[in-house]
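So the chains spell out like this:
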Amino acid sequence: MRSNSNQYGVLAEFANPADLMDAASAVNKAGYKHFDTYSPFPIHGMDDAMGLKESKLGWIVLIHGIIGLLGGIALQVWSMDIAYPLHISGKPYLNFPAFVPVGFAIVILLSAFGAFFGLFALNKLPRLHNPLFNSDRIAKATDDGFFICIEATDPVYSEEKSTAFLKEAGAIHTEIIPK
Amino acid sequence: MSMDHHHTTLSDRLTFPEDNKIATGFFAAGILGVVLSLIGLFVNTEQFFYSYLTSFTFIASLVLGALFFVMIQHVTRSSWSVVIRRIPETISFQLLWLGLLFVPILFGMEFLYEWTRPERIATDELTQYKQPYLNIPFFVIRNVIYFTVWGFLGYKLYKNSVAMDLSDDPALDKKQRVLSAPGILLFAFTVAFASFDWLMSMDSHWFSTMFGVYYFAMSFQSILAVVIIIVLYLFRKGLLTKTINNAHIHDLGALLFGFTVFYAYIAFSQFLLIYYANIPEETLWYYYRFEGSWIILAYLFLIGRFVLPFVLLLGKKAKTNYKLLMGVSIWIVILQFLEMFWIVMPILHKGAISFHWLDITLLLAFFGISSGLFFRHFGKHSMIPKNDPLLAESLNKH
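Residues numbered from 1 in each chain as written. Chains lettered and ligands numbered in written order. Predicted model: local features only at pLDDT ≥ 70, side-chain atom pairs only at ≥ 80, totals over all residues. Heavy atoms only, no water.

Chemist: Sorry, what's going on with the nonpolar core here?
Modeler: Generally speaking, a soluble globular protein has its nonpolar side chains buried in company with each other. Grouped together as the largest cluster of nonpolar side chains are 125 residues, with contacts concentrated most on Phe56(B), Tyr113(B), Trp150(B), Trp198(B), Leu199(B), Leu234(B) and Trp342(B). In terms of residue count, helix α10 (residues 211-236) of chain B provides more of this core than any other element does, 20 residues in total. Discounting residues that sit within four places of it in the chain, Trp150(B) has contacts with Leu64(B), Leu67(B), Leu95(B), Thr190(B), Val191(B), Ala194(B) and Trp198(B). Counting 21 residues, the second-largest nonpolar core is a separate cluster that includes Ala12(A), Ala24(A), Phe146(A) and Ile150(A). (Core = buried A, V, L, I, M, F, W, Y, C linked by side-chain atoms within 4.5 Å. Buried < 20%, exposed > 50% of the residue type's maximum accessible area, 1.4 Å probe, protein only. Helix = DSSP H or I, 4+ residues; strand = E, 2+ residues; numbered from the N terminus. Contact = heavy atoms within 4.5 Å.)

Chemist: Help me understand the sheet that holds strand β3 (residues 146-151) of chain A in this model?
Modeler: Residues and elements named next belong to chain A. With antiparallel pairing, four strands are arranged side by side in an open sheet as β2-β3-β1-β4. The two strands at the open ends of the sheet, each matched to only one other strand, are β2 (35-38) and β4 (173-178). With direction set aside, neighbouring strand axes in the sheet form an average angle of 20 degrees. Bridge count between β2 and β3: four bridges; the pairing is antiparallel. When the sheet's bridge partners are listed, Asp 36 is paired in β3 with Cys 149. In the packing of helix α1 (residues 17-29) onto the sheet, the strands contacted are β1 (7-14), β2 and β3, and the crossing angle to β3 comes to about 15 degrees. (Pairing = 2+ DSSP bridges. Axes fitted to C-alpha atoms, helices over the stretch in contact; angles between N-to-C directions.)

Chemist: Would you take a moment to explain the confidence of the model for chain B for this structure?
Modeler: Low pLDDT means the predicted atomic positions in that stretch should not be read closely. Residue and element names in this part refer to chain B. Per-residue confidence for chain B gives a mean pLDDT of 94, with 98% of residues at or over 70. For residues 1-6, every residue scores under 50 in pLDDT, and the model assigns this stretch nine contacts once sequence neighbours within four places are set aside. Predicted complex, confidence summary: ipTM 0.78, pTM 0.89. (pLDDT = per-residue confidence, 0-100.)

Chemist: Please explain the pairing of β1(A) as it appears in this structure.
Modeler: Along any regular strand, the residues point their side chains to alternate faces of the sheet. All names here are of chain A. Across the eight residues of β1, eight count as buried, placing the element largely inside the fold. Here six bridges tie β1 to β4, and the two strands are oriented antiparallel to one another. Bridging from a neighbouring strand, Leu 11 pairs with Glu 175 of β4. Two strands pair when backbone bridges link them, and β1 and β3 are joined in this way by six bridges, in the antiparallel orientation. Each residue of the ladder has a partner; that of Glu 13, found in β3, is Phe 147.

Chemist: Explanation requested: the domain arrangement of chain A in the structure shown.
Modeler: Where interface size is given, it is often the accessible area lost as the parts come together that is meant. Segmentation of chain A into domains returns domain 1 (7-53 + 130-178) and domain 2 (57-122). Distance from the C-alpha centre of domain 1 of chain A to the C-alpha centre of domain 2 of chain A: 44 Å. (Domains from an automatic or database assignment.)

Chemist: Sorry, what's going on with the interface of chain A and chain B here?
Modeler: Contact with chain A, which involves 17 residues of that partner, is made by twelve residues of chain B. Taken together, the connections running from chain A to chain B amount to one salt bridge. With its nearest N and O atoms 3.9 Å apart, the salt bridge here joins Lys316(B) to Glu54(A). Of all the secondary structure elements, the ones that give two or more residues to the side of chain A that touches chain B are α1 and α4 (96-122) of chain A. Each residue belonging to the side of chain A that touches chain B can be placed in one class, and the counts come to eight nonpolar, four polar and five charged. (Salt bridge = Lys/Arg side-chain N within 4 Å of Asp/Glu carboxyl O. Nonpolar A, V, L, I, M, F, W, Y, C, P; charged D, E, K, R; others polar.)

Chemist: Looking at this structure, how should I read helix α8 (residues 136-166) of chain B?
Modeler: Think of an α-helix as 3.6 residues a turn; residues three or four steps apart then line up on the same face. Look at α8(B): 45 Å from first C-alpha to last across 31 residues, which is about the 45 Å you get at 1.5 Å a residue. At the N-terminal end of α8(B), a side-chain oxygen is found 3.0 Å from the backbone nitrogen of Phe138(B), two or three residues along, and the residue is Asn135(B). (Expected span 1.5 Å × (residues − 1). Polar contact = N/O pair within 3.5 Å; in protein donor to acceptor, adjacent residues only side chain to side chain.)

Chemist: Would you take a moment to explain the packing of aromatic side chains for this structure?
Modeler: Think of a pair of aromatic rings as described by two things: how far the centres are apart, and how the planes are tilted against each other in angle. Residues and elements named next belong to chain B. In total, this model carries 68 aromatic pairs over all chains according to the counting rule given. Ring geometry for Phe 93 and Tyr 155: centres 6.0 Å apart, planes at 25 degrees, overall stacked. Here Phe 93 is found in the loop between α3 (86-92) and α4 (95-107), whereas its partner Tyr 155 is found in helix α8, with 62 residues between them in sequence. On the accessibility criterion, Phe 93 (5% relative accessible area) is buried. For Tyr 155, a relative accessible area of 33% corresponds to the partly exposed category. Judged by centre distance (5.8 Å) and plane angle (35 degrees), the rings of Phe 102 and Trp 198 are tilted. (Phe/Tyr/Trp six-rings, centres within 6.5 Å; stacked < 30°, edge-to-face > 60°.)

Chemist: Please explain a positive patch on the surface as it appears in this structure.
Modeler: Together, Lys33(A), Lys53(A), Lys56(A), Lys124(A) and Arg127(A) give the surface a local cluster of positive charge. By the element assignment, Arg127(A) lies in the loop between α4 and β3. (Patch = residues over 30% accessible without salt bridge, like charges linked within 9 Å, V, L, I, M, F, W, Y side chains within 5 Å. Areas by Shrake-Rupley, 256 points an atom, 1.4 Å probe, with all protein chains shown as cover. Lys, Arg positive; Asp, Glu negative; His and termini not counted. Charge placed at Lys NZ, Arg CZ, Asp CG, Glu CD.)

Chemist: What is the right way to look at the pattern of salt bridges in this model?
Modeler: When the charged atoms of two side chains with opposite charge come close together, those side chains can pair. Counted under the stated rule, the structure contains 14 salt bridges over all chains. Between Glu13(A) and Arg137(A) there is a salt bridge; the shortest N-O distance is 2.9 Å. Pair noted here: Glu13(A) is in strand β1 and Arg137(A) is in the loop between α4 and β3, with a separation of 124 residues, a long-range link. A salt bridge links Glu89(B) to Arg85(B); the nearest nitrogen and oxygen atoms lie 2.9 Å apart. Under the relative-accessibility criterion, Glu89(B) is labelled buried at 1%. Taking relative accessible area as the criterion, Arg85(B) reaches 3% and is therefore assigned buried. Via salt bridges that share partners, Arg85(B), Arg86(B), Glu89(B), Asp165(B) and Asp388(B) belong to a single interconnected network.

Chemist: Before we go on, may I ask you to explain the packing of helix α12 (residues 280-290) of chain B against helix α13 (residues 294-313) of chain B in this structure?
Modeler: Any two packed helices are characterised by how steeply their axes cross, that is the angle between the axes, and by the distance between the axes. All names here are of chain B. Where α12 meets α13, the axes come as close as 6 Å, and the angle between the chain directions of the two elements is 100 degrees. With respect to their mutual orientation, α12 and α13 come out roughly perpendicular. Here Tyr 288, Arg 289 and Phe 290 of α12 lie close against α13, whose contacting residues are Trp 294, Ile 295 and Ala 298. (Parallel < 35°, antiparallel > 145°, perpendicular 65-115°, else oblique.)

Now the structure itself:
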């Protein structure tokens, strides 16, 4: 077996979204883990067909939100009660109802940071070049092309077998993408 | 995974089974409630009217929430909600006779509304100042307007929808949007002023410009819970299980979650503004509702109506967990009744929570008859708008 070290993976094009979905399902069932699909628009049910797990993003946002809540309350307790206690219209220093808007705002701020930067990190951004752009056909993925790319890093990957497998799954064109 | 994205046809039975006795059961409970409450009217007249207003505003909030739900779906031309739309449509059809249920309140105004009492008008300067708005004839006229507007919208939206079951006329679909767009505008004003009249004017010195949206926030959160309860009840009876799918349930759950936050935001904002400004004439409303054991209910709403549903419904899987959704929804509807109780009752029973058996019998009367009417009507037509142009899209929802 030849070394795949100079390859990014095998790219296969399919005729329509339904074929792509069937192929993604077949690739998933064949045990491939490192593969992705590319289409001009989101295809409902693709996550299940590819066997993707739930995104971790929700947990990242939740943790940021909790930190924001605790931090926001702590900031106000410290500043309003400990560091600089100030009488405001006869209300107690520890004035929790008044802490809610600031606490809420910091929850939103940190959650938004968590969502934005979390998404950035999960998508491995910033990424200046994607080897997929070595293919001329991939540009069709923004117009009328439906693609699967099985990556060479996948333990089950083999240039010949994976290519043959994708052809059998209905690919109308396949090519090897160099790194 | 198989190609489940191809099914577009209806394979369920579309009519509510005739041998289902739930409507009869509700009617029986309702009539029992009416009889017991009528006894209560003579035993304790003042308590009767306070309990009556509590249950009336509770049922009205659900029925009005349903009307808004239907109109917003038409205005936005949403496809997702088509398969569940007949449920809120049937509920808001009841607006046709909701006005009749308001009539008894007119006979109890001297108990409920201090601004109608002559001795109060004679001695209280602020009540005199508010006379041009807070007087009985204008109160009646306003309520006639509210119920006419709501009755018309609820009736028309329902009738057009069931007419569409039998005809392919696309003009009917357009009519729904033409009705709904101005309908939402009218709804906003009428519901806000109705809540001022029915509930806010009980403390005639008190005012909160947020009170209308507060009533709306409660009502919309509750109606989402009611729709979820009805859908899950149908599922339990094996109905529409292939028509309404988990994606619809998930969206209802997400809306319930979202409007739980909206409710908390509005209810808390109203409190915070008044608490922070600390102006005596504004704080008095909360003073009575936090006095003594009434504060327990206030904390119950904070924890039970916001924190608990927020945490429970936060996860994605929770929104399609039927048992959890059913539990949270029933809980929210119970709290909606208790919040009406908390708004109305501290005027009569100052300083301590006090339940009267009339609270239960009148709730039974209103809830029994309203639910009975719902299921009776629901059985008369298809359970979904089967000719809606967006039905196929709705069935295909993922």
